[in-house]
Amino acid sequence: MTEKKFKFTIDDQEIEASEGQTIMQAADDAGIYIPRLCDVEGLRHQGSCRVCTVTANGRTTASCTQPAEEGLEVENENEELLNYRRDLVRMLFHEGNHLCPICEASGNCELQAMAYRLSITQPTKFPYLQPVRSLDASHKDIALDTNRCIRCGRCIRASQDVDGKGVFGYVGRGINRRVGVNGDNLADTDAEISDVAIAPETCPVGCIIRKGIGFSKPIGKREFDLSIIGDQPPGGSDD
Amino acid sequence: MAKRKIIEISPVTRVEGHGKVTIHLDEDNNVHEARLHIVEFRGFERFIQGRLLWEIPVIVQRLCGICPVSHHLAAAKAMDQIVGAHQLTPTAEKMRRLMHYGQVMQSHVLHFFHLCSPDLLFGFGSPVENRNIFGIINEFPELATQAVMMRKFGQTVIRMTAGKKIHGTGAIPGGINKNLSIEERDILLGDIDQMLEWAQGALKLAKDYTLDNLELVNEFGTFPSSHMSLVREDGTLDLYHGNMRALDAMGEAIFDQVDYRKYHKYLVEDVRSWSYMKFPFIKDLGTLDGWYRVGPLARMNTASRIDTPLANSAHRELKSVSGGEPNQTTLANHWARMIEVVHCVEKIKELLHDPELQGDDLIVKGDRQEEGIGVIEAPRGNLIHHYKVDENDQVQFCNLIVSTTHNNEGMNRAVASVAKKYISGQQKITEGMLNHVEVAVRAYDPCLSCATHALGQMPLVVELYDVEGTLLDQGSQCL
Ligand code: SF4
Ligand code: SF4
Ligand code: FES
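Here the residue index of a chain counts from 1 through its sequence in written order. Throughout, the order in which chains and ligands are written sets their labels, letters from A for the former and numbers from 1 for the latter. Selection of residues for local features in this predicted model requires a pLDDT of at least 70, selection of side-chain atom pairs for listing and counting requires 80 or more, and totals for whole chains, interfaces and linings are taken over all residues. Hydrogens and water are ignored here; the side-chain numbers use all heavy atoms of the structure.

## Digging into the sheet that holds strand β6 (residues 226–231) of chain B
Residues and elements named next belong to chain B. If DSSP finds at least two bridges between two strands, the strands pair. Helix and strand labels come from DSSP, where a helix needs a run of H or I of at least four residues and a strand needs a run of E of at least two; each type is numbered from the N terminus. Pairing within the open sheet is mixed, and its four strands lie in the order β8-β7-β6-β11. Of all strands in the sheet, those bounded by a partner on one side alone are β8 (253–258) and β11 (292–293). Direction of pairing for β6 relative to strand β7 (residues 243–247): antiparallel, over a ladder of five bridges. Bridge pairing in β7 links histidine 227 to leucine 247.

Given below as structure tokens:
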């Protein structure tokens, strides 16, 4: 391949990038982790959670959508960005109903793992919105507990772009925007357990539930019991 | 009408709810009536409606910070039925038993050493400054160390079976999510003989206390009652699984070998206006006579034998004190509890030598059922979990009968009996007198003893009212 290569820096470390790569992709290739929630390998970028915010030549930007450029000076790890990311993650907790101790995603959940990575142990700064949302368990194999949804849109993109179905979609606007299904309930859609949208890697939290297998991984063997999110080589869990 | 005063002993607790004792005095300062009120967690039964069946064993253990494993396992047993797992794999059943024995052991040890040993070693009326776990640490440091190490061992067993020492996830519908590794087994085996030695020491302490104070034990909160627990088909004690047996005050069977999935055909729950907690009774005997006691002493009364040698001979010795008839005291619960600690340690040792704990066959499932009832002998006594789950896997109905509820009438009787004896006719109510009442409640180890309680920091409000409701006196102390 004759890709054009160029160099830029992340936290003063010089890395190489190919044309067309985002800052995040180049960072991943160089083994530098930038925190993220809505971006996941294999799905198109959406740039909505802003947890991946870095500064590029002094301006804040979402690294999952911002193309890398020659000579760009990117900052990823500094106190200000850390605090910014913390606030974003805290707000996600406060906007939903997250009872980690009784949630089957605990230990495998990217939101929870991100909170640990960012040393958020007590989300107290913002008011709890405590939305009232019911569980949709109508489908024989799948349940949807939107109390835990962080509106990352990964399921929407997976269903549309990969499964070619459109089972999930956004409804409402602004703070009321949430994820709904294309029908009265899940049983009313053409969702199937084999859909990529339903795969465990798609939903980062405990919102899309594959029925009947909750808690079958013992504590100590769950994904983020073994390593802090981002500390394993990116893409290393693809096997 | 005689003018009455009301004394309230009102401890404030956390998770398990809130308990208070009211003692009604007449104008001669005689105890007219004494009652134990416990605000119960009925809210949980509603809270879990609509939740998914496999979440339930993890959710319901939050009912209690001291014996969460009991709720975890009772719910898992109910969910086994719902997923059609009528017989677990040997590894799953043995892992769950190991978890349960670790739990009963650590709960009993906590209760005996932290909560009760100060009363037993210093006396019920001894100065309150010393009558707590810190007094024990000062005067009996080796006991305090043993208590800590034994609890730690029990918690390690729980951690190795449930994943965490508190609020783990081990039991899942149809089985268990892990086995015991060789490394884990060897860690436990390394301490087991020491545990057995200390458990026997604790048993001796509780037994000697009972026998040395037999006169007090026989008159302190002693009254005839029925007793109920699970036993095996041959009548052997079994803390994890069995059929229901209830014996009357003379030791005659009221019912025996009842499949616990039919509990509601034998037990009915009565409601009384002054208490949030229900009063279960044995249907055939009616509301007035149908009440019964559960817990360690009830189990010693109902069980014909114990299947581990040390606990079995201790059981025979305890039974001989009441001439083979049911032991009707309140305080012999401590002795019974320590027999169970020895039994649990013996069972743990037996299990650790069983290679099936290293098996990989962990889960079974079968034909789906709508209803599941899980019953277990929790540290404090029989525990019933009953659920109905719809075709979408969502819980539609939940009924829980916890040990403290089974013991409701018994505890009320114990409080009344002790209050009449120690408070009637007294001009001034001292802390020591009130503590006698608490000792009676505490012997049943009701679920209102939370972690704060264990450290002797539970505030207790005592209020004295006359018949018009005017506050005459008030004070507070730590339970
Ligand atoms: S989805 Fe994640 S953050 Fe939310 S309750 Fe579950 S484990 Fe916690
Ligand atoms: S359901 Fe899951 S994947 Fe879909 S938007 Fe919500 S959190 Fe993201
Ligand atoms: S990961 Fe970049 S905005 Fe969400």
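Having seen it, we continue.
## So, the sheet that holds strand β3 (residues 53–56) of chain A
All names here are of chain A. An order of β2-β1-β5-β3-β4 is seen for the five strands of this open sheet, with the pairing classed as mixed. Each of the sheet's edge strands pairs with one partner strand only, and the pair in question is β2 (13–18) and β4 (59–62). Across the sheet, the axes of successive neighbouring strands diverge by a mean angle of 40 degrees, strand direction being ignored. Alignment of β3 against strand β5 (residues 73–75), held across two bridges, turns out to be antiparallel. Residue threonine 55 lies in a different strand from β5, and its bridge partner there is glutamate 75. Every angle, taken between N-to-C directions, lies between 0 and 180 degrees, and every axis is a line fitted to C-alpha atoms, over only the stretch in contact when it is a helix.

## A short note on the packing of aromatic side chains
Each Phe, Tyr or Trp ring, with Trp reduced to its six-membered ring, pairs with another whose centre is within 6.5 Å; inter-plane angles below 30 degrees give stacked pairs, above 60 give edge-to-face pairs, and intermediate values give tilted ones. Scanning the entire structure with this criterion turns up four aromatic pairs over all chains. Geometrically, the ring pair formed by phenylalanine 112 of chain B and phenylalanine 113 of chain B is edge-to-face, given 5.3 Å between the ring centres and 80 degrees between the ring planes. When sorted by exposure, phenylalanine 112 of chain B lands in the same class as phenylalanine 113 of chain B, which is buried. Ring centres of phenylalanine 220 of chain B and tyrosine 422 of chain B lie 5.8 Å apart, and the angle between their planes is 50 degrees; on these two criteria the pair is classed as tilted. Of this pair, phenylalanine 220 of chain B sits in the loop between α8 (214–219) and β6 while tyrosine 422 of chain B sits in helix α15 (residues 408–422); the two residues are 202 residues apart in sequence, bridging distant segments of the chain. Here phenylalanine 220 of chain B matches tyrosine 422 of chain B in class, with each residue buried. Above the face of the tyrosine 170 of chain A ring, arginine 177 of chain A is positioned so that its terminal group lies 3.8 Å from the ring centre. One Lys or Arg, lysine 388 of chain B, reaches over the ring of phenylalanine 397 of chain B and ends 4.9 Å from the middle of that ring. Per-residue accessibility, obtained with a 1.4 Å probe over protein chains only, is compared with the maximum for each type, and a residue is labelled buried under 20%, exposed over 50%, and partly exposed between these values. Distance and angle both matter: a charge sits over a ring if NZ of Lys or CZ of Arg is within 6 Å of the ring centre and within 35 degrees of the ring normal.

## Some thoughts on the site of ligand 1
In the vicinity of ligand 1, the contacting residues are Phe93, His98, Leu99, Cys100, Cys103, Ala105, Ser106, Cys109, Leu111, Arg148, Val205 and Gly206 of chain A. Among the residues making up the shell around ligand 1, the classes are represented as eight nonpolar, three polar and one charged. In this text, near means that some heavy atom of the residue lies within 4 Å of the molecule or strand in question. Gly is placed with the polar residues, together with every amino acid not listed as nonpolar (Ala, Val, Leu, Ile, Met, Phe, Trp, Tyr, Cys and Pro) or charged (Asp, Glu, Lys and Arg).

## Structural notes on the pairing of β3 of chain A
Residues and elements named next belong to chain A. The two faces of β3 match: Thr53 and Thr55 on one face and Val54 and Ala56 on the other face are all buried. When β3 meets β4, the two strands line up antiparallel, connected through four bridges. The residue bridging alanine 56 from the neighbouring strand is arginine 59, located in β4. A loop of two residues connects β3 with β4, the two strands running antiparallel in sequence, and asparagine 57 in this loop sits at a positive phi of about 50 degrees.

## Some words on the domain arrangement of chain A
All names here are of chain A. The domain architecture assigned to chain A consists of domain 1 (5–77) and domain 2 (85–215). Using C-alpha coordinates to define each centre, domain 1 is positioned 25 Å away from domain 2. Each partner contributes residues to the interface: domain 1 has 21 residues there, and domain 2 has 21 residues. When two parts are put together, the accessible area they lose, computed with a 1.4 Å probe and summed over both, is reported as buried area. Between domain 1 and domain 2 lies a buried interface of about 1600 Å² when both sides are counted; carbon and sulfur atoms form 56% of it. On the domain 1 side of the interface with domain 2, the three residues burying the most area are Leu37, Leu43 and Arg44, jointly 42% of the side's total. Whenever a carboxyl oxygen of Asp or Glu lies within 4 Å of a side-chain nitrogen of Lys or Arg, that contact is scored as a salt bridge. In this structure, the connection of domain 1 to domain 2 is made through one salt bridge. Across the pair arginine 44 and aspartate 161 runs a salt bridge, and its minimum N-O distance is 2.6 Å. Polar contact is the term for a pair of N or O atoms within 3.5 Å; when the atoms are in protein, one must be able to donate a hydrogen and the other to accept it, and sequence-neighboring residues count only if both atoms are side-chain atoms. Taken together, the links from domain 1 to domain 2 amount to 10 residue pairs in polar contact (both at pLDDT 80 or more). Looking at the side of domain 1 that touches domain 2 residue by residue, the class counts come to 11 nonpolar, five polar and five charged. Domain delimitation follows an automatic or database domain assignment. The contact rule is simple, with two residues in contact once any of their heavy atoms fall within 4.5 Å.

## Focus: the side chain of arginine 337 of chain B
All names here are of chain B. Secondary-structure assignment places arginine 337 in helix α13 (residues 332–352). Residue arginine 337 is classed as buried on the basis of its relative accessible area, which comes to 1%. Those residues in contact with arginine 337 that lie beyond four places of it in its chain are His108, His111, Pro296, Ala443, Tyr444 and Asp445.

## Some points on the nonpolar core
By nonpolar core is meant a set of buried Ala, Val, Leu, Ile, Met, Phe, Trp, Tyr and Cys residues that side-chain atoms within 4.5 Å join together. Formed by 119 residues in total, the largest nonpolar core has its most connected members in Ile23, Met105, Ile339, Ile348 and Tyr387 of chain B. For this core, the element with the highest residue contribution is α13 of chain B, accounting for 12 residues. Not counting the four nearest positions on each side in its chain, isoleucine 339 of chain B is found in contact with Leu203, Met300, Ile306, Ala311, Ala314, His315 and Leu318 of chain B. Counting residues in hydrophobic clusters, the runner-up holds 42 residues, among them Leu43, Val89, Leu118 and Val179 of chain A.

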